[in-house]
Amino acid sequence: MQYSSRFTIAIHILLCIDQFSEEQKVTSTFLAGSIGVNPVIVRNVLLRLQDAKLIITAAGVGGSKLAKDPADITMLDIFKAVEDSNEILFHFHENPNPECQVGRTIHAVLDDKLMLIQKAMESSMNSVTLQSIIEDMKKKQREY
C-alpha cells in the first residue's frame, strides 16, 4: 500500500514557509511553483495543515506562517494532518475464507504483528522534527 503524495507535499510546504515567509508572502501559487503541482492541490494541503494548527494562513491577503516552532512539529504531526491516518496502516482483505486453515487464522497470526509495525513507524516519525529537516536542508543548500 502506498500513501498519496500529500505527506511529502506538506513537508515541502512547511520548508518553504520556514525559508521564505520572512521575505515574501508564501501563497499557494508560489508553493505550487516550487513543488511542481497545481495550486489547488497545494490549497487542499494548506487547509489540512491549518486545520491541524500547524500553520496560520491569512485569509484574503494570502501568505502562510508556521503556527508552532519547527522543533515542536514532528513528521507524525504532519502525517496525521494530511493523511487519513485514523485508520490502521495495513488493511486486510475483507473476506478471508473461514473454511480455509489460513483464512480462518490469518487475523490471529498477523493483527498484533502489523500493529507493532505501525506503532514502530509512528514512533520513528515522532522522533523526527521539522527543525531537524530544516537543518538538513540548510546543510544541503550550502553544498550546492
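These numbers were taken from a predicted model, which means no experiment stands behind them.

Calculation notes
- Residues numbered from 1 in each chain as written.
- Predicted model: local features only at pLDDT ≥ 70, side-chain atom pairs only at ≥ 80, totals over all residues.
- Heavy atoms only, no water.
- Helix = DSSP H or I, 4+ residues; strand = E, 2+ residues; numbered from the N terminus.
- Rg over C-alpha atoms; globule rule 2.2 N^0.38 Å.
- Buried < 20%, exposed > 50% of the residue type's maximum accessible area, 1.4 Å probe, protein only.
- Contact = heavy atoms within 4.5 Å.
- Areas by Shrake-Rupley, 256 points an atom, 1.4 Å probe, with all protein chains shown as cover.
- Lys, Arg positive; Asp, Glu negative; His and termini not counted.
- Charge placed at Lys NZ, Arg CZ, Asp CG, Glu CD.
- Salt bridge = Lys/Arg side-chain N within 4 Å of Asp/Glu carboxyl O.
- Phe/Tyr/Trp six-rings, centres within 6.5 Å; stacked < 30°, edge-to-face > 60°.
- pLDDT = per-residue confidence, 0-100.

J.: When you look at the overall build of the protein in this model, what are you seeing that I'm missing?
T.: From N to C terminus, the protein includes 6 helices and 2 strands. Here the protein has a C-alpha radius of gyration of 19 Å; the compact-globule value for 144 residues is 15 Å, and the former is much larger. Each principal axis of the C-alpha atoms in the protein carries an extent, and together these give about 65 × 30 × 25 Å. Counting the 144 residues in the protein, one finds 33% classified as buried. The contacts of the protein with a sequence gap of at least 6 include a subset with a gap of at least 24, amounting to 64%. As presented, the protein carries roughly 9200 Å² of accessible surface, and 54% of it is formed by carbon and sulfur atoms. Positive and negative side-chain charges of the protein, numbering 15 and 18 respectively, have mean locations separated by a distance of 4 Å.

J.: What is the right way to look at helix α4 (residues 75–82) in this model?
T.: For an α-helix, 3.6 residues make a turn, and residues three or four places apart therefore share a direction. For α4, the buried fraction is high: 6 of the 8 residues fall into the buried class. Among all positions in α4, only Met-75, Leu-76, Ile-78, Phe-79, Ala-81 and Val-82 are buried. Residues of α4 that are buried in the fold lie against α1 (6–20), α3 (39–51), α5 (101–126) and α6 (130–143).

J.: Looking at this model, I keep getting lost on the pattern of salt bridges. Mind explaining?
T.: If charged atoms from side chains of opposite charge come close, those side chains can pair. This structure, assessed with the given rule, holds 2 salt bridges. The closest approach of N and O atoms between Arg-6 and Glu-83, which form a salt bridge, is 3.3 Å. You can see Arg-6 sitting in helix α1 and its partner Glu-83 sitting in the loop between α4 and α5, a full 77 residues away along the chain. When the shortest N-O distance is used, the salt bridge between Glu-143 and Lys-140 registers 3.7 Å. Taken as a pair, Glu-143 and Lys-140 lie in helix α6 at a separation of 3 residues, close to a single helical turn.

J.: For this particular structure, what's the right way to read the packing of aromatic side chains?
T.: Each aromatic ring pair is summarised here by two numbers: the centre-to-centre distance and the angle between the ring planes. In the structure shown here, the tally under the stated rule is 2 aromatic pairs. Residues Phe-20 and Phe-30 carry aromatic rings whose centres are separated by 5.2 Å and whose planes lie at 80 degrees to one another, so their mutual orientation is edge-to-face. Here Phe-30 lies in helix α2 (residues 28–35) and Phe-20 lies in helix α1, a separation of 10 residues in the sequence.

J.: Where do I start with the confidence of the model for the protein in this structure?
T.: Detail in the predicted coordinates should be disregarded across regions flagged by low pLDDT. For the protein, the mean per-residue pLDDT works out to 91, and 94% of the residues sit at or above 70. Of all helices and strands in the protein, the one with the weakest mean pLDDT is α5 (93), whereas α1 scores best (97).

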